[in-house]
Amino acid sequence: MIWRLESLGHLVTPVARLNLAWAALLGLLAWCSWSGHEGLRGLQVLMLALPGWIWLRWPLQQPGWRWLRALLVTPLLLMFVLDAAVRAYLRASYGALPDSALVLTAAANTTPRESLEYLQAQLPRLWPVLLAGALVLAATLALVGGLQRQAQPLRRPARALLLVLLALCCLGYASKPWRRHHPAAFWPRWAGTVETLRSSWSDQAAQREQLLAQARQAQPRFLGQGPSTVVLVLTDSVNRDNMSLYGYARDTTPQLRALAQEEVQRLLVLRQAWSAEAATVPALAGLFGLGERRAPTQHLLALARQAGYRVWWMSNHDDIAIDQQHAQLADHVEMINREPGRSTSSLDSELLDCLEEALVDPQPRKLIVLHLLGTHPHYHQRVPQDFHPFDAGGDAVERQLESQGRPRWLREQRQIYDGAMRYHDGVVAQTLRLTRRHVPSTGHGAWMYVSDHGQEVGHAANHAGHSPTTEAGYRVPALLWRAQPLFAPEAATRPFRVDWAAWTLAELLQIDWQGMAAGRNVLQPDYRWQPPLLPLADVDFSR
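Residues numbered from 1 in each chain as written. Predicted model: local features only at pLDDT ≥ 70, side-chain atom pairs only at ≥ 80, totals over all residues. Heavy atoms only, no water.

**Digging into the pairing of strand β5 (residues 310-315)**
1) Next: The buried fraction of β5 is high, at five of six residues.
2) Next: Summarising the sheet, β5 and strand β7 (residues 365-371) pair through six bridges and their orientation is parallel. By the bridge assignment for β7, V311 is matched with L367.
3) Next: Bridge count for β5 against strand β6 (residues 332-335) is four bridges, and the pairing is parallel. Within β6, the residue paired with S315 across the bridge is M335. (Buried < 20%, exposed > 50% of the residue type's maximum accessible area, 1.4 Å probe, protein only. Helix = DSSP H or I, 4+ residues; strand = E, 2+ residues; numbered from the N terminus. Pairing = 2+ DSSP bridges.)

**Section: the pattern of salt bridges**
1) Next: Evaluation of the coordinates by the stated rule reveals 19 salt bridges.
2) Next: Across the pair D331 and R305 runs a salt bridge whose closest N-O atoms are separated by 3.3 Å. Linking D331 in the loop between α14 (320-325) and β6 with R305 in helix α13 (residues 300-306), this pair joins segments that are 26 residues apart in sequence.
3) Next: Among the residues examined, D331 registers a relative accessible area of 25% and is labelled partly exposed.
4) Next: Assessed through its relative accessible area of 29%, R305 is described here as partly exposed.
5) Next: Of the charged contacts in the structure, one is a salt bridge between R411 and E398, with a shortest N-O distance of 3.0 Å. Placement of R411 in helix α17 (residues 408-437) and of E398 in helix α16 (residues 396-403) is noted, with a sequence separation of 13 residues between them.
6) Next: On the basis of relative accessibility, which here comes to 9%, the residue E398 falls in the buried class.
7) Next: A single salt-bridge network, built from bridges that share partners, covers R250, D395, E398, R411 and D418. (Salt bridge = Lys/Arg side-chain N within 4 Å of Asp/Glu carboxyl O.)

Printed below as a string of structure tokens:
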């Protein structure tokens with residue numbers, strides 16, 4: 001048998017093996033170009049990668065020149081391979097390009113430690129990708145090494161073809177729209193954009209002063225009488241599809257369901273709530289900027305302060321972007337999380353004492369913002385170590401996931417996520433109880449709970465995490481409570497947008513200002529719903 005294989009090997013001549021390696025390397029570069037780019041752009045990137053391949057194909061007799069060529073061509077080709085791998089991963093996981101707002105914002109808002117934590121968390125999904133990447137890199141090195149040994153002269157047609165290809169490549173390098181996609185040009189520019197974005201967050205004092213000045217110009221006024229206490233509970237990564245309050249099969253929110261039955265017409269559960277973003281930073285920018293994300297002319301916290309409210313910001317996040325854009329506009333800032341990175345074990349329940357301290361403060365008008373980690377990945381870090389209410393599995397949810405062909409690791413992630421939801425339910429319910437307990441006896445009290453975005457945990461894809469490409473990334477809970485007056489029952493059926501939440505919160509605060517848009521307040525009879533522009537097709541906003 002060994003003799004036969006050796007005989008077959010001798011049938012393949014050295015020239016044939018070199019031609020096969022030459023074709024294989026060309027195929028590898030073509031795969032890299034179209035796996036990271038689409039359509040015509042893939043062809044453009046291939047033209048940018050071809051000069052290295054052409055140089056390898058050109059015969060060189062001197063060993064010294066061949067070694068120099070290998071030292072120059074190998075990193076060039078590996079650059080395209082790595083570029084394609086990163087792009088393919090981002091497209092498969094998030095449906096995003098490296099220079100999309102989603103990726104740029106996440107990169108600017110991530111520390112090196114958080115990056116390591118992310119890689120550790122994604123390792124169960126990443127190891128096949130890393131193994132495939134290692135094989136591709138090894139294949140590239142082997143092909144380059146194999147082609148290095150060839151020195152056969154080219155025939156005239158082959159030489160002419162290579163010269164034509166080289167001329168086309170030169171045109172590609174001369175074109176700026178083509179050249180900017182070269183990895184050597186793209187990634188340094190990308191890093192500069194990330195650093196510029198991060199720098200713009202690090203010192204926004206001037207922008208905050210401008211927002212305060214614009215709030216003064218809008219002349220907000222308090223319409224109520226007596227003291228007023230309003231609590232805004234902002235949470236992270238909560239999908240309402242995983243809340244039994246919204247009909248989920250697992251009993252993940254028993255305390256909120258009990259409060260909804262107890263506080264009929266005072267606790268309003270908005271059944272069709274949607275975020276306009278699938279990530280925290282742009283979602284909060286839209287909420288506090290009254291729907292304007294990039295250059296808001298007003299900020300809700302600045303308006304509330306100008307109307308006479310004392311503002312507290314209490315957070316379990318360690319987040320420079322949110323701190324600079326929003327928290328520093330408050331009068332009092334309390335950041336209980338001292339561990340950078342979202343894999344921190346700091347629990348949201350630690351904020352409850354802070355909330356009660358603010359509630360008993362004698363200030364007559366108070367707006368208290370609680371920013372929770374909610375059910376943000378890593379899910380198991382959102383609960384105490386011995387809290388695992390759904391690990392037994394075998395229930396209707398488990399059977400449904402199995403029937404959908406969801407892998408075991410994803411079913412386990414759903415159990416952990418639902419456990420985090422159950423714990424989160426207790427924290428959120430307690431914030432409402434505390435608010436209700438400390439409402440001024442002769443004044444006004446209100447409470448709002450909303451998530452910045454949703455979370456995909458096997459709802460429409462084999463994915464656990466943020467998801468801009470599925471509805472689960474945008475489906476969120478939204479609850480309102482106030483002592484008086486009672487809510488109109490029909491408000492519960494109106495669709496709701498997180499980036500319009502400030503208009504509803506303004507009513508709970510009992511303030512108005514020049515330029516108020518009552519049509520964006522879900523509590524008003526003349527509310528005019530407009531679906532947010534999501535990067536999805538055929539979204540059913542009625543559920």
